[in-house]
Amino acid sequence: MVAEVDSRGSHQHHSSSREHSHEAICFVCNTCPEKWINFQRKCYYFGKGTKQWVHARYACEDMEGQLVSIHSLEEQDFLTKHASHTGSWIGLRNLDLKGEFVWVDGSHVDYSNWAPGEPTSRSQGEDCVMMRGSGHWNDAFCDRELGAWVCDRLATCTPPASEGSAESVGPDSRRGPDGRLPAPSAPLHS
Ligand SMILES: [Ca+2]
């Protein structure tokens, strides 16, 4: 069972119309738009083309995504496998004078994968973060032209196809007036 909660903290309206008063429906959340790759509950787009950080951010937003945020070793490993070997912009940047890095999508910085000696922003004014081919992070100048970037967005959730639904749905299906199959005690032979 997957709770319908957006782990990144943005709004996601909770739909209860299908869940009231009967058994829970387990939604499968792995549907992605074309050209996006699913991993766990998110979809990833590996963009190619020379861009500064802010233009990579816009490119993701144009596709209804965000520059990627990374929250676990598993997610990092997935990205390292798929991302450009020459480095990709990610959604982390240094917003303020305190030197704190924040994710574009507002999620907590609960994982990091800095390269040894990084970040160096405090002394050098590097405020935008890239992922090297090794997967390690480096803060870099935001106007640097990088050849790749990574976007993410939540995967779309769909209820799983119930067993036998493909042949049972029809004009004379056994579904009741509320659209549900009868209780298991009802005879199911045809
Ligand atoms: Ca750096």
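Here, every reference points to the structure presented above.
Residues numbered from 1 in each chain as written. Predicted model: local features only at pLDDT ≥ 70, side-chain atom pairs only at ≥ 80, totals over all residues. Heavy atoms only, no water.

Re the coordination of the calcium ion
Surrounding the calcium ion are the protein donor atoms Glu118 (OE), Thr120 (OG1), Glu126 (OE), Asn138 (OD1), Asp139 (O) and Asp139 (OD), which sit 2.3 to 2.5 Å from the metal. Here the calcium ion binds 6 donor atoms, and the angle range of 63 to 155° at the metal identifies the geometry as irregular. (Donors = N, O, S within 2.8 Å, 3.2 Å for Na, K, Ca; no water. Tetrahedral: all angles 85-135°; square planar, octahedral: opposite > 155°, others 65-115°.)

Observations concerning the state of the cysteines
Inspection of the entire model under this criterion finds 4 disulfides. Here Cys29 is linked by a disulfide to Cys157, with a sulfur-sulfur distance of 2.1 Å. Taking the sign of the S-S torsion, 105° for the link of Cys29 and Cys157, the bridge is right-handed. Residue Cys29 is located in strand β1 (residues 28-31), and its partner Cys157 is located in strand β10 (residues 156-158); the two are separated by 128 residues in the primary sequence. Neither residue differs from the other here; Cys29 and Cys157 are each classed as buried. Across the disulfide from Cys60 sits Cys151; the S-S distance is 2.1 Å. Taking the torsion about the sulfur-sulfur bond, which here is approximately -85°, the covalent link between Cys60 and Cys151 counts as left-handed. Placement of the pair is Cys60 in helix α1 (residues 53-62) and Cys151 in strand β9 (residues 146-154), with a sequence separation of 91 residues. Overall, Cys151 belongs to the buried group, its relative accessible area being 0%. (Disulfide = S-S within 2.5 Å. Helix = DSSP H or I, 4+ residues; strand = E, 2+ residues; numbered from the N terminus. Buried < 20%, exposed > 50% of the residue type's maximum accessible area, 1.4 Å probe, protein only.)

Observations regarding helix α2 (residues 73-82)
For α2, the complete set of buried residues consists of Glu75, Gln76, Phe78 and Leu79. Looking straight down α2, one finds its buried side chains confined to an arc of 160°; they lie on one side. (Arc of directions from axis to C-beta.)

Quick word on empty space enclosed by the protein
One pass over the full model with this rule turns up 1 cavity of 30 Å³ or more. The volume enclosed by the largest cavity comes to roughly 30 Å³. For the lining of the largest cavity, the elements supplying multiple residues, two or more each, are β3 (42-51) and β9. Split into classes, the residues belonging to the lining of the largest cavity amount to 5 nonpolar, 4 polar and 1 charged. (1 Å grid on protein atoms, 1.4 Å probe; cavity = no way out; pocket = protein on both sides within 12 Å on 5 of 7 lines; lining within 4 Å. Points joined across faces, edges and corners; volume = space filled by probe spheres on them. Nonpolar A, V, L, I, M, F, W, Y, C, P; charged D, E, K, R; others polar.)

Topic: the packing of aromatic side chains
Taken as a whole and assessed by the stated rule, the structure comprises 8 aromatic pairs. The interplanar angle of 10° and the centroid separation of 4.6 Å between the aromatic rings of Phe39 and Phe78 together place this pair among those described as stacked. Taken together, the residues Phe39 in strand β2 (residues 37-39) and Phe78 in helix α2 connect sequence positions 39 residues apart. Residue class for Phe39 comes out partly exposed when judged on its relative accessible area of 22%. (Phe/Tyr/Trp six-rings, centres within 6.5 Å; stacked < 30°, edge-to-face > 60°.)

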